[in-house]
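# Reading the structure
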Amino acid sequence: MSEVNNFKINNRTQEGDCCPECKTSWDGGDILEDATRRKDASEPMFDMSDTELIEYAEAYGWTPEDKRRWGNLIGMELSYDDPEHYDGVSYWACPECGVAWCRWTGDRTDRFVSDVKLRNLHIEGGELTKDFKLEGFDLTKEDKKHI
Ligand SMILES: [Zn+2]
(Lines give C-alpha, C1' and ligand atoms only; values in the text may rest on other atoms or scores of the structure.)
Protein backbone atom coordinates (compact mmCIF):
# COMPACT_ATOMS: atom_id res chain seq x y z
CA MET A 1 0.00 0.00 0.00
CA SER A 2 1.19 3.47 -0.78
CA GLU A 3 -0.12 6.39 1.19
CA VAL A 4 -1.35 9.32 -0.86
CA ASN A 5 -0.29 12.42 1.00
CA ASN A 6 -1.35 15.16 -1.35
CA PHE A 7 -4.32 14.05 -3.35
CA LYS A 8 -5.57 16.27 -6.13
CA ILE A 9 -8.13 15.60 -8.81
CA ASN A 10 -5.57 15.67 -11.55
CA ASN A 11 -3.85 12.78 -9.96
CA ARG A 12 -5.32 9.34 -10.30
CA THR A 13 -5.82 6.47 -7.98
CA GLN A 14 -3.05 3.98 -8.50
CA GLU A 15 -2.92 0.35 -7.55
CA GLY A 16 -2.43 0.04 -3.81
CA ASP A 17 -3.18 3.68 -2.96
CA CYS A 18 -4.45 4.18 0.57
CA CYS A 19 -5.46 6.95 2.96
CA PRO A 20 -2.55 8.56 4.82
CA GLU A 21 -4.83 9.03 7.85
CA CYS A 22 -6.55 5.67 8.32
CA LYS A 23 -4.76 3.47 5.77
CA THR A 24 -8.04 2.43 4.09
CA SER A 25 -7.49 1.42 0.49
CA TRP A 26 -8.65 3.91 -2.12
CA ASP A 27 -7.96 1.52 -4.95
CA GLY A 28 -11.23 0.42 -6.52
CA GLY A 29 -9.54 -1.87 -9.02
CA ASP A 30 -9.07 -2.03 -12.75
CA ILE A 31 -12.24 -0.72 -14.43
CA LEU A 32 -12.49 -3.50 -17.00
CA GLU A 33 -11.74 -6.20 -14.45
CA ASP A 34 -14.42 -4.75 -12.19
CA ALA A 35 -16.97 -4.73 -15.04
CA THR A 36 -16.05 -8.32 -15.94
CA ARG A 37 -16.45 -9.41 -12.33
CA ARG A 38 -19.86 -7.78 -12.22
CA LYS A 39 -20.85 -9.53 -15.44
CA ASP A 40 -19.72 -12.84 -13.97
CA ALA A 41 -21.86 -12.06 -10.92
CA SER A 42 -24.85 -11.69 -13.28
CA GLU A 43 -25.48 -8.06 -12.48
CA PRO A 44 -28.17 -7.04 -15.01
CA MET A 45 -26.44 -3.87 -16.10
CA PHE A 46 -23.36 -5.86 -17.07
CA ASP A 47 -25.16 -8.33 -19.30
CA MET A 48 -22.82 -7.36 -22.14
CA SER A 49 -20.59 -8.94 -24.73
CA ASP A 50 -16.84 -8.74 -24.19
CA THR A 51 -16.70 -5.92 -26.74
CA GLU A 52 -19.39 -4.00 -24.88
CA LEU A 53 -17.52 -4.47 -21.61
CA ILE A 54 -14.44 -2.91 -23.17
CA GLU A 55 -16.52 -0.04 -24.57
CA TYR A 56 -17.96 0.50 -21.10
CA ALA A 57 -14.48 0.65 -19.57
CA GLU A 58 -13.25 2.94 -22.34
CA ALA A 59 -16.10 5.35 -21.58
CA TYR A 60 -14.30 5.88 -18.25
CA GLY A 61 -10.93 6.44 -19.84
CA TRP A 62 -9.67 2.86 -19.64
CA THR A 63 -7.50 1.69 -22.54
CA PRO A 64 -5.37 -1.44 -22.98
CA GLU A 65 -2.30 0.79 -22.70
CA ASP A 66 -3.60 2.83 -19.75
CA LYS A 67 -5.68 0.59 -17.53
CA ARG A 68 -7.42 3.12 -15.38
CA ARG A 69 -8.76 2.17 -11.98
CA TRP A 70 -11.70 3.21 -9.87
CA GLY A 71 -10.95 5.44 -6.94
CA ASN A 72 -12.84 4.95 -3.69
CA LEU A 73 -13.07 8.59 -2.72
CA ILE A 74 -16.11 10.75 -2.14
CA GLY A 75 -16.37 13.91 -4.21
CA MET A 76 -17.55 16.67 -1.88
CA GLU A 77 -19.53 19.52 -3.41
CA LEU A 78 -20.11 22.65 -1.36
CA SER A 79 -23.54 24.24 -1.02
CA TYR A 80 -24.42 27.44 -2.85
CA ASP A 81 -24.26 29.46 0.35
CA ASP A 82 -20.76 28.27 1.14
CA PRO A 83 -18.15 31.00 0.56
CA GLU A 84 -16.05 28.44 -1.27
CA HIS A 85 -18.91 27.19 -3.44
CA TYR A 86 -17.88 25.75 -6.78
CA ASP A 87 -20.13 24.00 -9.27
CA GLY A 88 -18.47 20.63 -8.95
CA VAL A 89 -16.27 18.65 -6.62
CA SER A 90 -14.19 20.83 -4.31
CA TYR A 91 -12.76 18.19 -1.99
CA TRP A 92 -12.01 14.50 -2.10
CA ALA A 93 -12.89 12.69 1.11
CA CYS A 94 -11.77 9.32 2.38
CA PRO A 95 -14.94 7.18 2.65
CA GLU A 96 -13.71 5.62 5.88
CA CYS A 97 -12.36 8.42 8.09
CA GLY A 98 -13.86 11.45 6.33
CA VAL A 99 -10.65 13.42 6.16
CA ALA A 100 -10.66 15.35 2.87
CA TRP A 101 -8.23 17.13 0.60
CA CYS A 102 -8.86 20.17 -1.54
CA ARG A 103 -9.20 19.35 -5.19
CA TRP A 104 -6.91 22.16 -6.25
CA THR A 105 -4.40 22.66 -3.47
CA GLY A 106 -4.34 19.24 -1.86
CA ASP A 107 -4.80 20.91 1.54
CA ARG A 108 -6.17 18.60 4.22
CA THR A 109 -9.38 19.30 6.14
CA ASP A 110 -11.53 17.68 8.82
CA ARG A 111 -14.62 19.69 7.86
CA PHE A 112 -16.49 16.71 6.37
CA VAL A 113 -15.58 14.08 8.95
CA SER A 114 -18.99 14.10 10.64
CA ASP A 115 -20.81 14.09 7.27
CA VAL A 116 -18.90 11.05 6.12
CA LYS A 117 -19.37 9.25 9.44
CA LEU A 118 -23.14 9.77 9.16
CA ARG A 119 -23.04 8.53 5.61
CA ASN A 120 -21.15 5.42 6.56
CA LEU A 121 -23.75 4.58 9.17
CA HIS A 122 -26.38 4.91 6.50
CA ILE A 123 -24.51 2.65 4.16
CA GLU A 124 -23.92 0.00 6.79
CA GLY A 125 -27.60 0.01 7.68
CA GLY A 126 -28.76 0.03 4.10
CA GLU A 127 -28.47 -2.28 1.20
CA LEU A 128 -25.13 -1.14 -0.07
CA THR A 129 -22.17 -3.42 0.17
CA LYS A 130 -18.45 -2.84 0.31
CA ASP A 131 -18.27 -3.28 -3.44
CA PHE A 132 -20.06 -0.04 -4.05
CA LYS A 133 -17.95 2.88 -5.04
CA LEU A 134 -18.92 6.33 -3.93
CA GLU A 135 -19.20 9.68 -5.55
CA GLY A 136 -20.93 12.72 -4.23
CA PHE A 137 -23.93 12.13 -2.02
CA ASP A 138 -26.03 9.93 -4.25
CA LEU A 139 -26.14 6.43 -2.90
CA THR A 140 -26.70 4.70 -6.20
CA LYS A 141 -25.12 1.64 -7.61
CA GLU A 142 -23.35 3.48 -10.35
CA ASP A 143 -21.73 5.93 -8.01
CA LYS A 144 -18.21 5.55 -9.13
CA LYS A 145 -15.51 7.99 -9.88
CA HIS A 146 -12.31 7.36 -11.70
CA ILE A 147 -9.61 9.74 -10.70
ZN1 LIG B 1 -9.04 7.68 5.70
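Above this text sits the structure in question.
Now for a look at the structure at hand. This one's a predicted model, so the numbers in the text were calculated from it and none came from an experiment.

Counting its regular elements, the protein contains three helices and eight strands. The helix and strand sequence of the protein, counted from the amino end, reads β-β-β-α-α-β-β-β-β-β-α. Expressed as a percentage of its 147 residues, the buried residues of the protein come to 25%. In the protein, the proportion of contacts linking residues at least 24 apart, taken out of those at least 6 apart, comes to 44%.

It is worth spelling out the environment of D47 at this point. Locating D47 in the fold gives a position in the loop between helix 1 (31-40) and helix 2 (50-58). Owing to 10 C-beta atoms within 10 Å, D47 belongs among the exposed residues under this scheme. Separated by twelve residues in the primary sequence, D47 and A35 place their C-alpha atoms 9.9 Å from one another.

Before going further, it helps to examine the nonpolar core. Counting 13 residues, the largest nonpolar core has L73, Y91, W92, A93 and A100 as its most contacted members. It is strand 6 (residues 91-93) that provides the largest number of residues to this core, a total of three residues.

Further remarks concern the sheet that holds strand 7 (residues 100-102). Pairing within the open sheet is antiparallel, and its four strands lie in the order 5-6-7-8. Either end of the sheet is taken by a strand with one partner, and the two such strands are strand 5 (74-76) and strand 8 (108-109).

Before going further, it helps to spend a moment on the environment of V113. Counting through the fold element by element, V113 comes out in helix 3 (residues 113-125). Separated by 13 residues in sequence, V113 and A100 have C-alpha atoms that sit 7.9 Å apart. Setting aside anything within four residues of it in sequence, one finds V113 in contact with G98 and V99.

Relative placement of two packed helices is described by the angle separating their axes and the distance separating the axes. Between helix 1 and helix 2, the least distance of the axes is 9 Å, while the angle of their chain directions is 135 degrees. Between helix 1 and helix 2, the crossing angle belongs to the class labelled oblique. Every pair of crossing elements has a handedness; the one defined by helix 1 and helix 2 is right-handed. Residues I31, L32, A35, T36 and K39 of helix 1 touch helix 2, and the partners they reach there are L53, I54, Y56 and A57. The residue inventory of the contact of helix 1 with helix 2, partitioned by class, reads seven nonpolar, one polar and one charged.

A positive phi is found at K23, a non-glycine position, where the angle reads about 70 degrees. Residue position: K23 is located in the loop between strand 2 (17-18) and strand 3 (27-30). For K23, a count of 12 C-beta atoms within 10 Å puts it in the exposed group. Although it is not a glycine, S42 adopts a positive phi angle of roughly 65 degrees. Considering the arrangement of structural elements, one finds S42 in the loop between helix 1 and helix 2. On the basis of neighbour count, S42 is assigned to the exposed category, with 8 C-beta atoms found within 10 Å.

Within helix 1 the residues assigned to the buried category are I31, L32, D34 and A35. In a view along the axis of helix 1, the buried residues occupy a sector of 160 degrees, so they form one face of it. For helix 1, the elements touching its buried residues are strand 3, helix 2 and strand 4 (69-71).

Here is what the cut-offs are and how they apply
Counting starts from 1 at the beginning of each chain's written sequence and moves along it residue by residue. Residues qualify for local features only when their pLDDT is at least 70, as the model is predicted, and side-chain atom pairs are given and counted only at 80 or more; totals for whole chains, interfaces and linings, by contrast, use all residues. We count a stretch as a helix when DSSP gives it H or I for four or more residues in a row; a strand needs E for two or more, and each element gets its number in order from the N terminus. Residues with at least 20 other C-beta atoms within 10 Å of their own are called buried, those with 12 or fewer are called exposed, and the rest are partly exposed. The C-beta atoms themselves are positioned from the backbone. By the criterion used throughout, residues are in contact when their C-beta atoms, derived from the backbone, lie within 7 Å. What makes a nonpolar core is a set of buried Ala, Val, Leu, Ile, Met, Phe, Trp, Tyr and Cys residues, with links drawn between C-beta atoms within 7 Å. Two strands pair under a simple rule: DSSP has to find at least two bridges between them. Axis definition: a line fit to C-alpha positions, over the contact stretch in the case of helices; interaxial angles, taken between N-to-C directions, run 0 to 180 degrees. Orientation categories follow fixed angle ranges, with anything under 35 degrees roughly parallel, anything over 145 roughly antiparallel, 65 to 115 roughly perpendicular, and all other angles oblique. In this scheme the crossing of two helices becomes right-handed for a clockwise turn of the near helix relative to the far one and left-handed for an anticlockwise turn of less than a right angle. When residues are grouped by polarity, Ala, Val, Leu, Ile, Met, Phe, Trp, Tyr, Cys and Pro land in nonpolar, Asp, Glu, Lys and Arg in charged, and all others, Gly among them, in polar. Each direction from the helix axis to a C-beta atom contributes to the arc, which is the arc of those directions.

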